[in-house]
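Per-entry structural report
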There are 2 protein chains.
Amino acid sequence: MEEKMTVDKIKQLLTERKLAELKDLVGDLHPADFSEIAEELSPAELIEIFKLIPDREKIAEYISMLPFELQSDLLKAMSKEQASEVLTEMDTDEAVDLLAEIPPEESREFLELLPKDEAAEIKELMKYQENTAGSIMNNEFVALPEHLTAAQAIEYIRQMSPEAEMIYYVYVLDQKKRLIGVLSLRDLIVADPQKKITQIMEEDVISVLDTEDREVAARLISDYDFLAIPVINKQGIMVGIITVDDIIDVLEEEVTEDIHKMVGSAEFYYEDRLIKTSSLQRAKARLPWLMVCLVGQMISGKIIEIHSGILQLVLALSFFIPIIMDMGGNIGSQSSTITVRGLATGQLRLHEMWQNVWTETKVGFFIGLLTSAIILPITYFWQKDYFLSITISIAAFITAILAATTGTLLPLIFTKLKIDPAIAAGPFITTINDIINLTVYFGLATFLFSYLR
Amino acid sequence: MEEKMTVDKIKQLLTERKLAELKDLVGDLHPADFSEIAEELSPAELIEIFKLIPDREKIAEYISMLPFELQSDLLKAMSKEQASEVLTEMDTDEAVDLLAEIPPEESREFLELLPKDEAAEIKELMKYQENTAGSIMNNEFVALPEHLTAAQAIEYIRQMSPEAEMIYYVYVLDQKKRLIGVLSLRDLIVADPQKKITQIMEEDVISVLDTEDREVAARLISDYDFLAIPVINKQGIMVGIITVDDIIDVLEEEVTEDIHKMVGSAEFYYEDRLIKTSSLQRAKARLPWLMVCLVGQMISGKIIEIHSGILQLVLALSFFIPIIMDMGGNIGSQSSTITVRGLATGQLRLHEMWQNVWTETKVGFFIGLLTSAIILPITYFWQKDYFLSITISIAAFITAILAATTGTLLPLIFTKLKIDPAIAAGPFITTINDIINLTVYFGLATFLFSYLR
């Protein structure tokens, strides 16, 4: 592995104090590669390495790829002047993330190191609530005054380029800093150099409000194939941009959160390495839903107890509890998961709700039909009791239909009630289905065995 | 809703034959907005609308947002000449997708409409297997010969701009068309105009092989925050680029596939609307795993039957089957899902396997401890049998630990064996856990009740 070789090489150069060679090696790495390597190095080694890199911007890029705690430790190990420079060079959204995640006293200390205006900007950004568009934006965008020509605009971008994160979209602001148009660098390059930018710009700018959910920004960038989207405040003043690379991270995080919710786990916080979360953190995230389900399981037990008369008579009924419970659970999870994912990607819309419930009911019908056709001969061969076999087959058939229907219906109802449908998938559906299906199974058995046999 | 208003307006203008006004309205829409609206219109209405748009490129952009079947119908409704022009204007990756998805005879007809070289290019791209990097790339990139200066390169880009999908990264090729460097438009704009591009370019180009899995390309773009990645063939010749917007779609599709697999469903094909898949398609995707699990459920039943002696003696043991089964199922699904997602995002690595299994075992321990502490008094209060309560508590405790451990271990073993770990989550884990946990439960009960009471 190449990465392994680089790590070994770095450690060797450090031990042998071949610092010039080391400087060349690490100064050339891409930040993403650096972060891979940094995982294998100790904080002390990292501090030594950062001392070798004269370029503050490079250090800032490298450091912002590391876990927040380590970022904070490394900054504290630097001279005040150097730490201040590195923080200033960091993308504002990265600096804000860092300062929001570390203890308040530490973040206050870092803020004091910064120039006044920079500190004020960061404090402003730190006010945004988690998961809002404002919380993931940065303010390193190119804003043009409206009177420029295309040629002047390109010259302006050339000068702004070192500071701006994204120069391929540029925004035109009026005197009150309100967003009035957008241009791509492509438009500018192709345009007649003497043309006014106001003549070239697109005036219908698709933007997102700073207080909006960050998922809205993600959805817009993804639907419109944008490289970035401008963020405005209530007054229409442009306050930042969100770039497509931040959006990919948002989409991945949201999906992880959804997937965890689907199995009844809150997302326990892990910035980049799952292994760093302790067993206690993980247990805490999962316990609430497991406890709710425990109540449901007791109810299921109570239902069996209520029917213990028939169970005493036909003990073999208990052998088929796993089929009824698991079939209901599996089909219900499938239906709810497909529905939840469809809603999340926009491939299923709320107005298609009843049509989707009906389709899934038919799915349950087909699956139930096939399953009971298989169960009937097998259980007969096993228990030699055609009455029992028929009971189980009918119960399995009904279970499949009910599970598919409730599995689809519940997430949709949750969405209507503005509750996150993801929590309706998985354990919750399974527990509800158990209660319903065990009632059907034992109710049916009691009826058939007591009245018909 | 704005979208609804636009649809009504379009329909009204069509009926009233106010075609000039209609032309202005639809000619100005963003393709993403158009696709939303197109869903509400009939194919006949769409054909009429396309007749009003003189700009073939606009039609190509609009049409490539629609479902493939509809794309094909619309192209067939056009004159041969127009269809050919629209196909030529489509991004190659979109044209290839279309021609690959429609029946071969239709796609052959369309290919015959195209200019020879264009048709040859598309045929070349259609050879790539699904899910490879080659299958999602397009060939509308800017390739520069190595002798240019920065100023000449900008001029070159200006001319290429209408044809290239992505002009913000430009690639330097040698005479044999091998990729030797990459530059961003930003580098070019900032650079001294007289400097050779070979002096400015980055020589260590991160690229992807055309036959590689498309997920590799997605991962690279996402890790390195690229806007595009070049695709090369085995000879090092640059054959295309993959852009970040295509990657977002790939990531979403892969996640949907993973999520479906986690509940034991193959991904039934749906291009953009879930509702369009029939109940039969859905049932077919889900049946295989349900049938596998049915076998497991029979084995679980058999385990209960083997212990029917103790069940006859203590019928109340059956009331707690739901607790044992569901607890095992839920905890197992949580552990496996967290593991599978961690592997998919790279937040869990294979060399951390044993550490992760150990952490999850401890999670099972904590959850088991708390659950059995709750179960003990409740079951005693319910059944007034301290021996039974102790049995169930111990079984629940062991179940929690075993479920967490197997739930984590199985996906990791699957990964080692190069089997997709997603199928180890959900129904499969639940079934395995049922067999293990029912064995423990009834084994323990038989032992305690037969030998100690």
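Residues numbered from 1 in each chain as written. Chains lettered and ligands numbered in written order. Predicted model: local features only at pLDDT ≥ 70, side-chain atom pairs only at ≥ 80, totals over all residues. Heavy atoms only, no water.

1. Re the nonpolar core
As a reminder, the rule being used: Residues belong to a common nonpolar core when they are buried Ala, Val, Leu, Ile, Met, Phe, Trp, Tyr or Cys residues joined through side-chain atoms within 4.5 Å. Summary of the burial criterion: residues with accessible area below 20% of their type's maximum are buried, those above 50% are exposed, and those between are partly exposed, where the area comes from a 1.4 Å probe applied to protein chains only.
Residues A:L185, A:L188, A:I242, B:L185, B:L188 and B:I242 are the most contacted members of the largest nonpolar core, which totals 186 residues. If you look at the next biggest cluster of nonpolar residues, it comprises 82 residues, including A:L311, A:V314, B:M291 and B:F387.

2. Considerations on the packing of helix α21 (residues 386-416) of chain B against helix α22 (residues 427-452) of chain B
For any two helices packed against each other, the geometry comes down to the angle between their axes and how far apart the axes lie. Residues and elements named next belong to chain B. What counts is decided by this rule: Angular values range over 0 to 180 degrees, each being the angle between N-to-C directions of two axes fitted as lines to C-alpha atoms, with helices fitted over their stretch in contact. Helix numbering and strand numbering both begin at the N terminus, where a helix is a DSSP run of H or I of at least 4 residues and a strand a DSSP run of E of at least 2. Throughout this description, any angle smaller than 35 degrees is read as roughly parallel, any larger than 145 degrees as roughly antiparallel, any in the 65 to 115 degree range as roughly perpendicular, and the remainder as oblique. Here a crossing is called left-handed whenever its near helix is offset anticlockwise from the far helix by less than a right angle, and right-handed whenever the offset is clockwise. By the convention adopted, Pro, Cys, Tyr, Trp, Phe, Met, Ile, Leu, Val and Ala count as nonpolar, Lys, Arg, Asp and Glu as charged, and the other residues, Gly among them, as polar.
One way to put it is that α21 packs onto α22 with a least axis distance of 9 Å and a crossing angle of 150°. What the angle tells us is that α21 and α22 run roughly antiparallel. For the pair α21 and α22, the crossing hand works out as right-handed. Split by residue class, the contact of α21 with α22 holds 21 nonpolar, six polar and no charged.

3. Quick word on the interface of chain A and chain B
Just so we agree on the cut-off: Note on contacts: a residue pair qualifies if any of its non-hydrogen atoms lie within 4.5 Å across the two residues. Summed over both partners, the accessible area (1.4 Å probe) lost when two parts come together is defined as the buried area. For this document, the term salt bridge refers to a Lys or Arg side-chain nitrogen within 4 Å of an Asp or Glu carboxyl oxygen. Definition of a polar contact: a pair of N or O atoms within 3.5 Å, with one able to donate and the other able to accept a hydrogen when the atoms are protein atoms, and with sequence-neighbouring residues admitted only if both atoms are side-chain atoms.
Taken together, the contacts link 111 residues of chain A with 111 residues of chain B. Carbon and sulfur atoms supply 63% of the area buried between chain A and chain B, which totals about 10300 Å² over both sides. Joining chain A to chain B, the criterion identifies ten salt bridges. In this assembly, chain A and chain B are joined by 36 residue pairs in polar contact (both at pLDDT 80 or more). For the side of chain A that touches chain B, the element with the most residues is helix α17 (residues 279-306) of chain A, which contributes 17 residues. Among the residues forming the side of chain A that touches chain B, the class breakdown is 54 nonpolar, 32 polar and 25 charged.

4. Comments concerning the sheet that holds strand β3 (residues 179-184) of chain A
Residues and elements named next belong to chain A. Our working definition: When DSSP finds two or more bridges between two strands, those strands count as paired.
Spatial ordering of the open sheet is given by β1-β2-β3, a layout of three strands whose pairing is mixed. The open sheet has two edge strands, β1 (141-145) and β3, and neither has a second partner. Taken pair by pair, the neighbouring strands of this sheet meet at an average axis angle of 35°, ignoring direction. Note that strand β2 (residues 166-173) and β3 share five bridges and pair antiparallel. Counterpart to V170 in the pairing with β3 is L183. Along the sheet face, helix α12 (residues 150-160) touches β1 and β2 and points at about 145° away from the line of β1.

5. Here we look at the relation of the copies chain A and chain B
Note on the chain copies: they are related by a rotation about an axis and a translation along it. Selection criterion: The superposition of copies rests on a least-squares fit of C-alpha positions from residues with pLDDT of 70 or more in both.
Superposition of chain A onto chain B requires a rotation of 180° combined with a translation of 0.0 Å along the rotation axis, giving an RMSD of 0.2 Å. The relationship between the two copies is best expressed as a two-fold rotation axis. When the interface residues of chain A are mapped onto chain B, 100% of them again lie at the interface, so the same face is used by both copies.

6. What about the pattern of salt bridges?
Should the charged atoms of two oppositely charged side chains come close, the side chains can pair. Enumeration over the complete set of coordinates arrives at 40 salt bridges over all chains. Residue A:E85 is joined to A:R56 by a salt bridge in which the shortest nitrogen-to-oxygen separation is 2.4 Å. Of this pair, A:E85 sits in helix α7 (residues 80-89) while A:R56 sits in helix α5 (residues 56-63); the two residues are 29 residues apart in sequence, bridging distant segments of the chain. Here A:E85 falls in the partly exposed class, since its relative accessible area comes to 29%. Its salt-bridge partner being B:R178, residue B:D174 comes within 3.1 Å of it at the nearest N-O pair. The exposure class assigned to B:R178 is partly exposed, which follows from its relative accessible area of 34%. Salt bridges linked by common partners bring A:E36, A:E39 and B:R349 together as one network.

7. Things to note about the confidence of the model for chain A
Low-pLDDT portions of the prediction should not be read for the details of their coordinates. Residue and element names in this part refer to chain A. Applied cut-off: You can read pLDDT as the predictor saying how much it trusts each residue, on a scale of 0 to 100.
Per-residue pLDDT for chain A has a mean of 90; in total, 98% of the residues score no lower than 70. The weakest mean pLDDT in chain A belongs to helix α1 (residues 2-15) at 81; the strongest belongs to strand β5 (residues 228-232) at 97. Interface confidence in the predicted complex, given as ipTM, is 0.81; pTM for the same model is 0.81.

8. Quick look at helix α4 (residues 43-52) of chain A
All names here are of chain A. We count it as follows: As used here, the arc belongs to the directions running from the helix axis to the C-beta atoms.
Along α4, the residues that are buried comprise E45, L46, I49, F50 and L52. Burial along α4 is one-sided: seen end-on, the buried residues are contained in an arc of 150°. In this structure, α4 carries A44 and K51 as exposed residues pointing more than 90 degrees from its buried face.

9. Overview of the sheet that holds strand β6 (residues 238-243) of chain A
Strand pairing in a sheet relies on backbone hydrogen bonds, with the paired strands running either antiparallel or parallel. Residue and element names in this part refer to chain A. The strand order β4-β5-β6 describes an open sheet built from three strands, whose pairing is mixed. Both edges of this open sheet fall to β4 (208-209) and β6, since each of them pairs with a single strand only. The pairing of β5 with β6 spans five bridges and is antiparallel. When the sheet's bridge partners are listed, P230 is paired in β6 with I241. Packed onto the sheet, helix α15 (residues 214-224) meets β4, β5 and β6 and runs at close to 140° relative to β5.

10. Observations concerning the side chain of A:T92
Residue and element names in this part refer to chain A. Tracing the backbone shows T92 in helix α8 (residues 92-101). Side chain to side chain, T92 and N139 meet in a polar contact 2.9 Å long. Those residues in contact with T92 that sit more than four places away from it in its chain are E121, L125, N138, N139 and E140.

11. A short note on the pairing of strand β1 (residues 141-145) of chain B
Let me state the cut-off plainly: Looking down the strands as they point away from the viewer, one classifies a crossover as right-handed if the path from the first strand across the helix to the second runs clockwise.
Of all five residues making up β1(B), four are buried, and the element is well covered by its neighbours. Remark: the β1(B)/helix α12 (residues 150-160) of chain B/strand β2 (residues 166-173) of chain B crossover connection has right-handed handedness.

12. Quick word on a nonpolar patch on the surface
All names here are of chain A. Definition in use: Candidate patch residues must exceed 30% relative accessible area and have no salt bridge, after which like charges are joined if within 9 Å and Val, Leu, Ile, Met, Phe, Trp or Tyr side chains if within 5 Å. Note on areas: Shrake-Rupley with a 1.4 Å probe; residue coverage comes only from the protein chains shown.
Taken together, the side chains of L376, Y380, Y386, I390 and I394 present a nonpolar region at the surface, about 470 Å² in accessible area. The set of elements that each furnish at least two residues to the nonpolar patch consists of α20 (353-383) and α21 (386-416). Considering each element in turn, the nonpolar patch owes the most residues, three residues, to α21. What makes Y386 exposed here is its relative accessible area of 56%.

13. Here we look at the packing of aromatic side chains
What characterises a pair of aromatic rings is the spacing of the ring centres plus the angle enclosed by the ring planes. All names here are of chain A. Definition in use: Paired rings are identified among Phe, Tyr and Trp, the last through its six-membered ring, by centres lying within 6.5 Å, and are further divided according to the angle between planes into stacked (under 30 degrees), edge-to-face (over 60) and tilted (the rest). We call a charge positioned above a ring when the Lys NZ or Arg CZ atom is no farther than 6 Å from the ring centre and deviates by at most 35 degrees from the ring normal.
With the rule as written, the count across this model stands at 30 aromatic pairs over all chains. With a centroid separation of 5.8 Å and 40° between ring planes, the pair formed by F34 and F50 is classed as tilted. In this pair, F34 sits in helix α3 (residues 31-38) while F50 sits in helix α4, placing the two residues 16 residues apart along the sequence. For F34, a relative accessible area of 1% corresponds to the buried category. Over the aromatic face of F381 sits the side chain of K384, whose NZ or CZ is 4.8 Å from the ring centroid.

14. Considerations on the environment of A:N138
Residue and element names in this part refer to chain A. Following the sequence through the fold, N138 ends up in the loop between α11 (133-136) and β1. You can call N138 buried: its relative accessible area is 0%. The spatial distance from the C-alpha of N138 to the C-alpha of T399 is 52 Å, given a sequence separation of 261 residues. Side chain to side chain, N138 and E165 meet in a polar contact 2.7 Å long.

15. Concerning helix α17 (residues 279-306) of chain B
Turn by turn, an α-helix covers 3.6 residues, leaving residues three or four places apart pointing in a common direction. Threshold: A helix's residues, less one, multiplied by 1.5 Å, set its expected span. For a residue, the bend is simply the angle between two axes, fitted respectively to the seven-residue segment ending there and the seven-residue segment starting there.
With 28 residues, α17(B) extends 39 Å between its outermost C-alpha atoms, agreeing within 8% with the 40 Å of an ideal straight helix rising 1.5 Å per residue. Remark: the principal bend of α17(B), roughly 40°, maps to B:L287, with a proline, B:P288, within the next four residues.

16. Concerning the state of the cysteines
Let me state the cut-off plainly: Disulfides are defined in this document as cysteine sulfur pairs within 2.5 Å.
Throughout the structure, instances matching the rule amount to zero disulfides over all chains. For the unlinked cysteine A:C293, the closest cysteine sulfur is that of B:C293, found at 19 Å.

17. Describing the environment of A:A344
Residue and element names in this part refer to chain A. Summarising the element assignment, A344 is placed in helix α19 (residues 321-345). Between the C-alpha atoms of A344 and A422, which are 78 residues apart in sequence, the distance is 9.1 Å. If we ignore the near neighbours within four places in the chain, the residues touching A344 are R219 and D258.

18. Considerations on a negative patch on the surface
This is how it is decided: The charge count treats Lys and Arg as positive and Asp and Glu as negative. His and the chain ends do not count. To locate a charge, take NZ of a lysine, CZ of an arginine, CG of an aspartate or CD of a glutamate.
Together, A:D24, A:D28, B:E202, B:E203 and B:D204 make up a negatively charged patch on the protein surface. When its relative accessible area of 68% is taken as the criterion, A:D28 is described as exposed.

19. Remarks on unusual backbone geometry
Residues and elements named next belong to chain A. We note that R17 has phi near 55°; this positive angle belongs to a residue other than glycine. Following the sequence through the fold, R17 ends up in the loop between α1 and α2 (19-27). Residues other than glycine seldom take positive phi values, yet K418 does so here, at roughly 65°. Residue placement: K418 occurs in the loop between α21 and α22 (427-452). Exposure remark for K418: the relative accessible area of 78% places this residue in the exposed category.

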